[in-house]
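One letter stands for each residue in the lines below.
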Amino acid sequence: MTLVYFSSASQAPTSLPRRYAHQLAQSAWQLALRFGRRTTIHGLDRLLSAKASRWERFIWLCTFVSAFLGAVYVCLILSARYNDGHFQTVVDSTRYPVYRIPFPVITICNRNRLNWQRLAQAKSRFMANVSDTALLSLFERILGSYDDAYFGHFQSFERLRGQPTELLSHINFSQVVDFMTWRCDEMLSDCMWRHFTYNCCDIFSKRRSKNGLCLAFNTVETEEGRRMQLLDPMWPWRTGSAGPMTGLSVRVLIQASKHWPGRHNEKGIDVMVTEPFVWHNNPYYIPANTETALEIEPIIYFYDNDTRGVRSDQRQCVFDDEHNSDDFKSLQGYVYMIENCQSECHQEYLVRYCNCTMDLLFPPGQYRSCRSQDLLCLAEHNDLLSYSHQPGEKGFVRNNFEGMVCKCFRNCYSLNYINDVRPAFLPPDVSGNSSYVDLDVHFRFETIMVYRTSLVFGWVDLMVSFGGIAGLFLGCSLISGMELAYFLCIEVPACGIDGLRRRWQNMATTTPTQTLSFRQNTPSQLMENYVMQQKAEQARRQKANFQNWQRLKFAHKHVISK
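Below is a short write-up of the structure. (Residues numbered from 1 in each chain as written. Predicted model: local features only at pLDDT ≥ 70, side-chain atom pairs only at ≥ 80, totals over all residues. Heavy atoms only, no water.)

**Regarding the pattern of salt bridges**
Alright, step 1. In this structure the tally under the stated criterion is 23 salt bridges.
Alright, step 2. The shortest N-O distance in the salt bridge between Arg-444 and Glu-295 comes to 3.1 Å. One end of the pair, Arg-444, is in the loop between β16 (436–443) and β17 (447–455); the other, Glu-295, is in strand β10 (residues 290–303), with 149 residues separating them in the sequence.
Alright, step 3. According to the relative accessible area criterion, Arg-444 is partly exposed, its value standing at 29%.
Alright, step 4. Judged by relative accessible area, Glu-295 falls into the buried class, the value being 14%.
Alright, step 5. A salt bridge links Arg-308 to Asp-321; its shortest N-O distance comes to 3.2 Å. With Arg-308 in the loop between β10 and α10 (312–315) and Asp-321 in the loop between β11 (317–318) and α11 (338–354), this pair connects stretches of sequence that are 13 residues apart.
Alright, step 6. Its relative accessible area of 43% is what places Asp-321 among the partly exposed residues. (Salt bridge = Lys/Arg side-chain N within 4 Å of Asp/Glu carboxyl O. Helix = DSSP H or I, 4+ residues; strand = E, 2+ residues; numbered from the N terminus. Buried < 20%, exposed > 50% of the residue type's maximum accessible area, 1.4 Å probe, protein only.)

**Section: a nonpolar patch on the surface**
Alright, step 1. A cluster of nonpolar side chains, namely Leu-61, Val-65, Phe-68, Leu-69, Val-72 and Leu-76, defines an oily patch on the protein surface of about 530 Å² accessible area.
Alright, step 2. In this fold, Val-65 is placed in helix α3 (residues 54–84). (Patch = residues over 30% accessible without salt bridge, like charges linked within 9 Å, V, L, I, M, F, W, Y side chains within 5 Å. Areas by Shrake-Rupley, 256 points an atom, 1.4 Å probe, with all protein chains shown as cover.)

**As for empty space enclosed by the protein**
Alright, step 1. Tallied over the entire structure, the rule returns 2 cavities of 30 Å³ or more.
Alright, step 2. In this structure, the largest cavity occupies an estimated 100 Å³ of space.
Alright, step 3. In this structure, the largest cavity is lined by Arg-113, Tyr-146, Ala-149, Val-177, Thr-181, Asn-211, Gly-212, Leu-213, Met-358, Leu-360 and Leu-361.
Alright, step 4. What the second largest cavity holds in volume is close to 40 Å³.
Alright, step 5. Forming the boundary of the second largest cavity are Asn-110, Arg-113, Thr-181, Trp-182, Met-187, Leu-213, Cys-214 and Leu-215.
Alright, step 6. Broken down by element, the lining of the second largest cavity gets its largest block of residues, 3 residues, from strand β6 (residues 212–217). (1 Å grid on protein atoms, 1.4 Å probe; cavity = no way out; pocket = protein on both sides within 12 Å on 5 of 7 lines; lining within 4 Å. Points joined across faces, edges and corners; volume = space filled by probe spheres on them.)

**Focus: the packing of aromatic side chains**
Alright, step 1. Overall, the coordinates contain 26 aromatic pairs when judged by the stated rule.
Alright, step 2. When the ring of Phe-87 is compared with that of Tyr-303, the centres are 6.1 Å apart and the planes differ by 75°; the resulting orientation is edge-to-face. Of this pair, Phe-87 sits in strand β1 (residues 87–97) while Tyr-303 sits in strand β10; the two residues are 216 residues apart in sequence, bridging distant segments of the chain.
Alright, step 3. Given the relative accessible area of 26%, Phe-87 is considered partly exposed.
Alright, step 4. Measuring from ring centre to ring centre gives 6.0 Å for Tyr-349 and Tyr-353, while their planes differ by 45°; the resulting arrangement is tilted. (Phe/Tyr/Trp six-rings, centres within 6.5 Å; stacked < 30°, edge-to-face > 60°.)

**Description of α3**
Alright, step 1. For α3, with 31 residues, the first-to-last C-alpha span of 45 Å sits near the 45 Å given by 1.5 Å per residue.
Alright, step 2. Within α3, burial applies to Arg-57, Phe-64, Ala-67, Gly-70, Ala-71 and Leu-78.
Alright, step 3. Two residues or fewer past α3, Gly-85 is found with a positive phi of approximately 65°. (Expected span 1.5 Å × (residues − 1).)

**Focus on the layout of surface pockets**
Alright, step 1. Here the largest pocket is characterised by a volume of approximately 1100 Å³.
Alright, step 2. Forming the walls of the largest pocket are 40 residues, and the residues nearest its centre are Asn-281, Asn-282, Glu-339, Gln-342 and His-346.
Alright, step 3. Elements represented by at least two residues in the lining of the largest pocket include exactly β8 (268–274), β9 (284–287), α11, α13 (382–386), β12 (388–389) and β15 (413–425).
Alright, step 4. Per-element accounting of the lining of the largest pocket gives the leading share, 5 residues, to α11.

Quick look at the structure:
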């Protein structure tokens, strides 16, 4: 029994929270001692040893904290080194065979884009019901402006200034140019591939480019090329040889007599060398009446898969499947290539300035095609479309002209070509009255160089370094970390839950202590209750003493009997 006196001002018991806090501290210390006896982390076993003195614990605590802080510091240095993402480029192969890569796409364009001999047919087809001489003259003037038009070279449309071009806005001049452009049999002859003769129209197909409509070999961008790929599993073709006549040989006919008479320029062809799925690359000019050798030396650059963990703007390249990257930009329906990214950027500038695109120069897409009344706008903005600047060069390069700024990174797998064009002019007695170019395109060597770019410090190196630092400073491993995680996540919650369960059981089974309240009883009643409680406790003690006496007596008799 407990005798409690309540004062007039009620006082909450303050010893109960302290007792719970003391019990919690004792339980936590017991858990720590139990973990210290079996942990493999060096130093914790001595720090948490039950036999260690205070000074010994203090020394080991300072040692462990110093080692832990040193490990954290070195790990931060390693993390910063990993986040910097430094790269190294090494030679992956010096004898990679050329037959492992497709032969490049060879695109040939006549510098005079149109066959002016078909002008009468074009008028009868696209101006069939027109007899107005002014309109026919305007039609011819607009068509002649297309003869030397290509991206960044739209000044030929300046001759349309002051002309009522809106009168012919109903005519799709892209179709007219397509009708008047050079056909395969008019431009190419004597085609050979690796010493075997082919019909030029079987291996060349007409395709669009930023130079206009041209004829391309080994391409898969056209319907003919894709059909060829279905019929021939080897297409695009490859070659394992190098040197003259081991690749493509073709004679390109100039046919100067069929050119537009309003233009007087140097006759010749433009040859573009690209890898498959590339829309455009800067072409090489080859003059007429030459025998030209075009030697190609391919080089492969690629980034390994470990670099995918680095942002594209940090590694300065984009993988062709990184569609969610902010730096991914390409022509509609085309894989990512730096050339395709630049072409799409140029088309966006074209749409920005004139609200239309030249569908002869780009693949079909989402933008509106320029009509006859839009051609003068191209000429007015030609200076802005002729120059291209790299992002970040403003502080290093003095630019006298405003131009286009395209943020395009290289593709992470890049097949580059180092080309050597060597034209040799033919003597007049050889060329005669005809004008042509004998073109021989081949590889320079049978093997190529392959360069691989990788991270100097990748995630595997980071993990190995972390493990070494943990072993050096703390003498622990991954298993030690699992022990600590198991202790914190399993044993500590289990111990807490078990303590709460025992406390609830004790609260449920403990008899409430009898308490006398001086507020609710008079002094005489208090004394009477107190005496009755004393008698009840004395009776319980006598009964307990009697039971103990009986047990002792029984045990004594049992011992004597034995």
